[in-house]
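So you can see what is in the structure, the chains are spelled out below.
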Amino acid sequence: MAITGQVKLQQGREKSLLRRHPWVFSGAIDSEVGNPKPGETVDVVDSKGKWLARGAYSPLSKIRVRIWTWNQDEKVDENFLEERVRLAIGMRKALKISDETNAIRLIHGESDRLPGFIVDQYNDALVMQVLSAGAEIWREVVADSLMKVTGAKGIFERSDVDVRTLEGLEPRTGILRGEVPEKIVIEENQLQFFVNLQNGQKTGFYVDQRRNRQMLRELMPEAADVLNCFCYTGAFSVYALAGGASSVISIDSSKDALTIAEENLGINGFGEANAEWMEADVFKQLRKFRDSRQTFDVIILDPPKFAPTSALAQRASRGYKDINLLALKLLRPGGLLFTYSCSGGISADLFQKIVAGAALDAGVHAKIINKMVQGEDHPVSLDFPEGMYLKGLVCRVD
Ligand code: SAH
């Protein structure tokens, strides 16, 4: 595909591109030449006409251009994209992630220099999300590369996420290549999990928490009573039992997730374990536990994204503080809180401050004994700090 246009920046607005941040915002643009269609490749030049970078044009998005390359000699074509796919998958191989699991994020968008593409591998099936206009026009090419490089049996597309509307794209789901079962079993740290590839949340499973779930298993106190909030398909609950928990109560508002969660106990041999599943609202249920004076040794808080953008950070902060405050009150002396935020709009510093405020108001003394981030198959490009979204703290209550 040829270059179909040129985007000229206003004077002084080239700074972020010179630092290799991959987004050009509409407000930085002085003028546009040519008539590029959504997703087509454009050159970006500074106010004097000096070439800066080449990227995908998205006329409706505030992120008007997402950069593919800073090398003027590089053509954005099938070979270019296949090379990027190979690089991303090669990194996961080099990290030997497959020793731990067969559920791996293969492509993490901008951080793998493939803006708009998310690809997760679940055993021999792939799930792909296409999130931007640039990714949209190259989706078939990337699908072919993925099939070639991974040898997967099929690809399911889950482009049913809200951010597509910002790019003027309709939601789309369905089989993109080969064959993909509705449900598949994956293995993670010797534990098994059912993943619904076609209707699960996100791409089906929260692969990003793999290391943190293993940490929970390793830090599990003896004979602990565990409360897993926002449990989804029960992954933390299974790890808690694998770590020797005496009992686990798991809460989620999604009935479908809880159905799979129960199955996940069964396939790991915990069918007879002391496990209770509650279809409930965590905010309300934590208050009920407080009122009935029920206490726990370990509490996990892994809520959904409360603040997708920094504009919503304040409201989100109140949500995080509320659940952390309640959870800290429900912990017995020596108890552990595993608390997370996957909101891009909440920094690790801010999150720590929120939890500190929660402890203060709860009237407990708690200390951080570990910090957590997303797994290494969700790398963060140094030029793209926005790629860092998951942060977590393990806090111990005195
Ligand atoms: N810890 C999980 C992932 C959690 S994702 C894992 O490791 O797999 C967040 C979950 O919170 C989703 O399953 C969603 O259904 C649930 N959820 C969202 N809002 C909720 C609420 N107010 N109360 C209970 N569950 C909620």
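Everything discussed here concerns the structure shown above.
Residues numbered from 1 in each chain as written. Predicted model: local features only at pLDDT ≥ 70, side-chain atom pairs only at ≥ 80, totals over all residues. Heavy atoms only, no water.

*Asks:* Would you mind showing me how to read the overall build of the chain here?
*Replies:* Within the chain, the secondary structure is distributed over 11 helices and 20 strands. The C-alpha atoms of the chain give 23 Å as radius of gyration, which agrees with the globular expectation for 398 residues (21 Å, within 12%). The principal-axis extent of the C-alpha atoms belonging to the chain is close to 65 × 45 × 35 Å. Taking all 398 residues of the chain together, 56% fall into the buried category. Relative to all contacts within the chain whose residues are 6 or more apart in sequence, the contacts with residues 24 or more apart total 64%. Accessible area for the chain stands at about 17600 Å²; split by element, carbon and sulfur atoms hold 49% of it. (Helix = DSSP H or I, 4+ residues; strand = E, 2+ residues; numbered from the N terminus. Rg over C-alpha atoms; globule rule 2.2 N^0.38 Å. Buried < 20%, exposed > 50% of the residue type's maximum accessible area, 1.4 Å probe, protein only. Contact = heavy atoms within 4.5 Å. Areas by Shrake-Rupley, 256 points an atom, 1.4 Å probe, with all protein chains shown as cover.)

*Asks:* Help me understand the sheet that holds strand 7 (residues 103-108), please; the structure alone is not making it clear to me.
*Replies:* Strand pairing within a sheet occurs via backbone hydrogen bonds; the two strands may be parallel or antiparallel. Strand order across the open sheet formed by five strands is 7-8-9-10-11, with mixed pairing between neighbours. Pairing within the sheet leaves two strands with one partner each, and these edge strands are strand 7 and strand 11 (172-178). Averaged over all neighbouring strand pairs, the angle between strand axes comes to 20 degrees, with direction disregarded. With four bridges joining them, strand 9 (residues 125-130) and strand 10 (residues 154-159) adopt parallel strand pairing. Note that in strand 10 the partner of Met-128 across the bridge is Glu-157. (Pairing = 2+ DSSP bridges. Axes fitted to C-alpha atoms, helices over the stretch in contact; angles between N-to-C directions.)

*Asks:* Can you help me understand the pairing of strand 16 (residues 275-279) in this one?
*Replies:* The side chains of a regular strand alternate between the sheet's two faces. Of the strand pairs in this sheet, strand 15 (residues 247-252) and strand 16 are connected by five bridges, and their pairing is parallel. Looking across to strand 16, one finds that Val-248 is bridged to Ala-275. Read from strand 15 through helix 8 (residues 255-267) to strand 16, the crossover connection turns out right-handed. (Right-handed = clockwise from strand over helix to strand, strands pointing away.)

*Asks:* Looking at this structure, how should I read the site of the ligand?
*Replies:* Neighbouring the ligand are 15 residues; Arg-213, Asp-252, Asp-281, Val-282 and Asp-302 lie closest to it. Residue Arg-213 places a side-chain N or O atom 2.8 Å away from an oxygen atom belonging to the ligand. Within the contact set of the ligand, a nitrogen atom lies 2.9 Å away from a backbone nitrogen or oxygen of Val-282. Compared with its free state, where it exposes 590 Å², the ligand has 90% of that area covered by protein. Here the residues of the shell around the ligand are counted per class, giving eight nonpolar, three polar and four charged. (Near = heavy atom within 4 Å. Polar contact = N/O pair within 3.5 Å; in protein donor to acceptor, adjacent residues only side chain to side chain. Nonpolar A, V, L, I, M, F, W, Y, C, P; charged D, E, K, R; others polar.)

*Asks:* Is there a simple way to explain the pattern of salt bridges in this structure?
*Replies:* One side chain can pair with another of opposite charge once the charged atoms of both are near each other. Per the stated rule, a full pass over the model turns up 31 salt bridges. A salt bridge links Glu-157 to Arg-139; the shortest N-O distance between them is 2.7 Å. One end of the pair, Glu-157, is in strand 10; the other, Arg-139, is in helix 4 (residues 139-150), and 18 residues separate them in sequence. We classify Glu-157 as buried; its relative accessible area is 2%. The buried category is assigned to Arg-139, whose relative accessible area is 13%. Between Lys-202 and Asp-208 there is a salt bridge, with its nearest N and O atoms 3.7 Å apart. Via salt bridges that share partners, Glu-136, Arg-139, Glu-140, Asp-144, Glu-157, Arg-164, Arg-172 and Arg-177 belong to a single interconnected network. (Salt bridge = Lys/Arg side-chain N within 4 Å of Asp/Glu carboxyl O.)

*Asks:* I would appreciate a short explanation of the pairing of strand 15 in the present structure.
*Replies:* The buried fraction of strand 15 is high, at six of six residues. Of the two faces of strand 15, the one holding Ser-247, Ile-249 and Ile-251 and the one holding Val-248, Ser-250 and Asp-252 are both buried throughout. As judged from the five bridges shared by strand 14 (residues 225-229) and strand 15, these two strands associate in the parallel manner. Bridged to Cys-229 within strand 15 is Ile-251. The parallel pair strand 14 and strand 15 is bridged by helix 7 (residues 235-242), and the resulting crossover is right-handed.

*Asks:* Explain the nonpolar core here, please?
*Replies:* One broad trend across soluble globular proteins is that nonpolar side chains are buried collectively. Ranked by size, the top nonpolar core spans 43 residues in total, and within it Tyr-122, Leu-216, Val-226 and Phe-338 carry the most contacts. When contributions to this core are tallied by element, the ones reaching two or more residues are strand 9, strand 12 (183-188), strand 13 (191-196), helix 6 (210-219), helix 7, helix 8, strand 17 (296-301) and strand 18 (331-341). Top contributing element to this core by residue count: helix 7, with six residues. Three or more residues apiece are contributed to this core by two domains, here domain 2 (78-181) and domain 3 (206-397). (Core = buried A, V, L, I, M, F, W, Y, C linked by side-chain atoms within 4.5 Å. Domains from an automatic or database assignment.)

*Asks:* Quick question: what am I supposed to make of unusual backbone geometry here?
*Replies:* Most peptide bonds take the trans form, and the phi angle of most residues other than glycine is negative. A positive phi angle is found at Ala-223, which is not glycine, with a value near 50 degrees. Residue Phe-230 is not a glycine yet carries a positive backbone phi of 65 degrees. Residue classification places Phe-230 among the buried residues on the basis of a relative accessible area of 15%.

*Asks:* Whenever I open this one, the sheet that holds strand 1 (residues 3-9) confuses me. Can you help?
*Replies:* Taken together, six strands build an open sheet; the order of strands is 2-6-5-4-1-3 and the sheet is mixed. For this open sheet the edge positions go to strand 2 (23-25) and strand 3 (29-34), each flanked by a neighbour on one side alone. Here the average twist between neighbouring strands, direction ignored, is 35 degrees. With five bridges connecting them, strand 1 and strand 3 associate as antiparallel partners. From the neighbouring strand, Val-7 faces strand 3, where its bridge partner is Glu-32.

*Asks:* Even after reading the chapter, I still don't get helix 8, so can you show me in this structure?
*Replies:* Structural remark: α-helix, 3.6 residues per turn; residues separated by three or four positions point the same way. Between the first and last C-alpha of helix 8 there are 19 Å, a value that for 13 residues agrees with the 18 Å anticipated at 1.5 Å per step. Looking only at helix 8, the buried set comprises Ala-257, Leu-258, Ile-260, Ala-261, Asn-264 and Leu-265. All buried residues of helix 8 project into a common sector of 160 degrees when viewed along the axis, lining one side. Residues Lys-255, Asp-256 and Glu-262 are exposed on helix 8 and point more than 90 degrees away from its buried face. Contacts from the buried residues of helix 8 go to strand 13, helix 7, strand 15 and strand 16. Following helix 8 by one or two positions, Gly-269 has its phi on the positive side, about 80 degrees. (Expected span 1.5 Å × (residues − 1). Arc of directions from axis to C-beta.)

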